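As a plain string of letters, each chain reads:
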Amino acid sequence: MDRLVRFGVPEDDVGPLLEKYVKAMQDGVVFEDLNYSQAQLERIAFDVSTPAKHPLDQHLTKILYEWADCPHGQEVLSAVISPEVVSRMQALFRAADLTDWAWEYEMTRRSRPRKFIMHVGPTNSGKTHNALRALAAAKRGIYAGPLRLLAYEIYDRLNNGQIIPLGVEPDAEAEADPQSNIDLADSTITGNGVVVTKSGNPKYARRCNMVTGEEMKIIDDNAPLLSCTVEMMPHLSSWDVAVIDEIQLITDKNRGGAWTAALLGMNATEIHLCGEESAIPIVEAIVRDLGDTVEVHRYERLTPLVVAEKSLQGDLKRVEKGDCVVSFSRTGIFSMKTMIEKEAKMRCALAYGRLPPEIRSEQAALFNDPDSNYDVLVGSDAVGMGLNLKIKRVIFEAVAKFDGGRSRILSNSQIKQIAGRAGRFGLHGDDSPGGVVTTLHQEDLDIVRRALAAPYVPIRYARITMTMRSFNKVVQTLPLGFSQRTVADVFCFVSKLHPRMEFHAVHELEKSFDFIDQFIDCLTIDNRLMAQNAPCPWRDDAAVGGAQAMMELYRDDLSVSLEKALQRAGLLKQLNKALLLMESDAPAYEGKTIVSMLGKLETQHKVIVLYMWYSYRFSIAFPDQALAFELRRLTELAMDWCLEVLYLTRLNEENPAAKARKRISTRRSPTSGPAIKRRDPKADRLLQRTATHRTIVVQ
C-alpha cells in the first residue's frame, strides 16, 4: 500500500483499487484484456519461479498499471476510484514504459544500418586482436572496455604505433610485448605474426584520446580515435569502427546497463563485440530487432587447460612457483598470503578488488618478473579480467563467494573466467605450454571440473538502467516531494520491459537513495541521477562518510575543498599517519596494524577517486583536481609501502620501513612539480612533501 501511495494513489483509494484488481485477476479479465505474447508470458513465469527479490510483487504491480492504461481496465477502475487517479496511473505507466528502449538512442536509430562482428571465445583464445587491428586501421574509431587500465593500454599503444593495422602484413620478426593485458593468444609470440609490438612503429601511430570516469587524456581535440570505459562512451558521436570489449557483461547486475547502452546506442558502421560465447543469443536477438546484421567469429583456446587429478589436500606446502591462489574475501586473501609465505617459503603478490588498478597492475608485473622473488600470486576474482598474468596453475581456495546477502557457489562462467587465466599462451615457453586448475580442498575439485566441462549458459537478459531522459519523464508524473527511492521503485514496479531486458539491481543502491534523499534541497533533478551513478562504494561506511562530507560542503558553500572534505570525514589523518609511519624508522610493526592501515588507505583512495569523478563533471564546485591526482598518487605510494613492509615484518627484517622505502622507490619514479601540502594528523597543521627525496616534514 505504501508504494502505491508514494506513486500518487490516495491512501483511501488503495483498498478499493486492489479489491477490484484482485477480482479482475481471479476472473481472468486482466490477462484477457492485456493479451500478452508468448514471450511475455514466459518472462513472467520465469521471473516468479526464481529466488529474486520481490518478483511476484513486481509483476503484479506492473500488470496493474498496464491494465489501468488499457480501455477496459480504465473503465473498471474508474468505477471505484476517481478518473483523475486513473489518469495519474496511466501517465506514470506511459512515462516508465521501456519497451521501446532502443529509441532512447534516436540518432543511432535514424542512422545507417550497423554491421556487428562478434569475436567470442574463452580466455586466452586471442579473440580481441582482430578487432583492435580493425580499430587501428579505422578513419574514426572507438574502443569501449570494462577497466580504466585497459582503456589506458589501448590509448597508449595506438598513440605509439604498437598495434599493426588491419590490412598490413605483420612483421614476422617484430618483437612482441609480453606485458600486454589484451587477449592476443599466439600473436604475442615473436615470429608468429605479432600484432602488438614492444617498441611500436611511427608510421602506424594514431592520435587517440582517453576518457574514463576519473581521468581524461586529450592528445588532440580532433583526434580520430578514442579509448574509453564503457560508461563514458559518447552517444552523440559517429564512428567508422567501434570495439566493445567483454560484451558478456551486458548481464552484470550493476554495470550491465552500460553495455546495453553501447550495444543500442553505438553509432558506428562496423561494431566489433569481444567476449564470451554466452552473449551470442542475446546479441543476435537484440540486433535482429533493430534491423542490423551480425556475424559471429569463434575462437578456441590455443593452450590446453586441464583439471588436476587431485587437490592440494589442504596442504599449502604444495603451492609452487607460478601458482595463483584465488580467495574471495580480503581477510582470506591476507591470511592465505601469510600462510603460503610461512609454509611454502615463497613470496606472494596480491591482486584483489579493493586495491587500486595501478597497484594491482604493479603486483602483477612483480609476479610476472622471474627475478623479482614474487613467486606466487594470491588474489580474488579480480585476476579474471584486465591483468597480464603468467600463471601456470590456478588454485581455488574456495568455490563460494559472499554476495552481500549470503555465500553462493560461483557460476560456471565465473569459474571458467578465473581458471582460464592459467597457461596464457606464449608466457611460459616450451616447457609449460598449457595451464592447470585445481583446488585447495578435495571437495571443491568436482565443482570446478563440472564447471569447466559445462557449456556456456546463454545470457537471458540484457540489463538497462536509468537515463537522464527516462528519469526526467518519470519524476514529472510523481507527486511533489518524491524521494530517490520512489523513482527507483517506479522503474522496478511499473516499467514495462522488452522480454529480453532486465532493470539493473536497484536493491543494491538502497544506501545511495538514502544518501541522495538527505540532500534533495541542494541537488537538481539531473544532479540526483548523477550522484546515484557516482562511483561510491556504498557498502563502505567510511567511504560514504567521505561522500557525505563532500555533499555537505557543496550544500553549505557550493564549493568543495578536497582537503576540507577529507578532514571532515576523518580520512586525512589516516593518510598522513600512513605517510609519517612510512618515513619513520620504527624497529618493528605488527602485521595486523599494517593490514588495518592498508584497508583505511583503500577507502581513502576510493574517496579521492570519487572527488576526481565529480571534478570532471562540476569543475567549478570541485576545483582541486590537481591536488586529487597528487593525493591519489601518494595514497598508492603508501599502499605499496604497506604491502612491502608487511612482508619484511613477517621476516623479522631490521629497519623494515627504510628497506620498504628503498624497494618501492626503485619501482616508482619521483614526481616532478611543486610539493603538495597536507595536514598533520595530530595538530591539523600542514605537512609538505619534497618531490625529490619523497620525505615528509612538519612545517
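What you see is a predicted model; the values in this text were computed from it and never measured.

What follows concerns the sheet that holds strand β5 (residues 225-229). Through backbone hydrogen bonds, the strands of a sheet pair up, either in parallel or in antiparallel fashion. With mixed pairing, 8 strands are arranged side by side in an open sheet as β4-β3-β5-β2-β6-β7-β1-β8. The open sheet has two edge strands, β4 (216-217) and β8 (293-298), and neither has a second partner. Across 6 bridges, strand β1 (residues 115-120) lies against strand β7 (residues 268-275) in parallel orientation. Bridge pairing links K115 to E270 in β7.

Once that is clear, we can look at helix α26 (residues 656-667). Relative to the 16 Å expected for 12 residues at 1.5 Å per residue, α26 spans 17 Å between its end C-alpha atoms, a close match to the ideal helical length. Listed as buried for α26 are P656, A657, A660 and I664. Along the long axis of α26, the arc covered by the buried residues comes to 95 degrees, so they all point the same way. The exposed residues of α26 that point more than 90 degrees off its buried face are K662 and T666. On its buried face, α26 is in contact with α23 (572-583) and α25 (625-650).

A few words on the state of the cysteines. Taken as a whole, this structure holds 0 disulfides when the rule is applied. Free cysteine: C274, not disulfide-bonded; nearest cysteine sulfur from C228 at 14 Å. Counting only cysteine sulfurs, C536 is the nearest neighbor of C522, a cysteine outside any disulfide, at a range of 15 Å. When its relative accessible area of 17% is taken as the criterion, C522 is described as buried.

On to the sheet that holds strand β13 (residues 393-396). Pairing within the open sheet is parallel, and its 6 strands lie in the order β9-β16-β13-β10-β12-β11. The sheet terminates laterally at β9 (305-307) and β11 (347-351), the two strands that pair on one side only. The average undirected angle you get between the axes of adjacent strands in this sheet is 25 degrees. Two elements, β11 and strand β12 (residues 374-379), share 5 bridges in a ladder whose sense is parallel. Paired with R347 across the strands is Y374, a residue of β12.

You can see I447 is positioned in helix α16 (residues 442-453). Separated by 35 residues in sequence, I447 and N412 place their C-alpha atoms 9.0 Å apart.

Let us look at the pattern of salt bridges. Per the stated rule, a full pass over the model turns up 44 salt bridges. Where D381 meets K401, a salt bridge forms, and the shortest distance between an N and an O atom there is 2.4 Å. Highlighted residues: D381 in the loop between β12 and β13 and K401 in strand β14 (residues 400-402), separated in sequence by 20 residues. D381 sits in the partly exposed class, given a relative accessible area of 28%. Classification of K401 as partly exposed rests on a relative accessible area of 27%.

Thresholds, definitions, all that
- Numbers given to residues run from 1 along each chain, matching the order in which its sequence is written.
- In keeping with the model being predicted, local features are shown solely for residues with a pLDDT of at least 70 and side-chain atom pairs are shown and tallied solely at 80 or more, while totals for entire chains, interfaces and linings include all residues.
- With hydrogens and water stripped out, all remaining heavy atoms of the structure feed into the side-chain values.
- Note: two strands are recorded as paired if DSSP finds a minimum of 2 bridges between them.
- Each helix is a run of H or I in the DSSP string that is no shorter than four residues. Each strand is a run of E no shorter than two, and both are numbered from the N terminus.
- Expected span, for any helix, means 1.5 Å times one less than how many residues it has.
- Burial classification: accessible surface area is computed with a 1.4 Å probe over protein chains only, and a residue below 20% of its type maximum counts as buried, one above 50% as exposed, and the rest as partly exposed.
- For this quantity, the arc is that covered by the directions from the helix axis to the C-beta atoms.
- The contact criterion used is simple: two residues touch if any of their non-hydrogen atoms lie within 4.5 Å.
- Disulfides are defined as pairs of cysteine sulfur atoms found within 2.5 Å of each other.
- Angles run from 0 to 180 degrees between N-to-C directions of axes, and those axes are lines fitted to C-alpha atoms, restricted for helices to the stretch in contact.
- Only one rule defines a salt bridge in this text: a Lys or Arg side-chain nitrogen within 4 Å of an Asp or Glu carboxyl oxygen.

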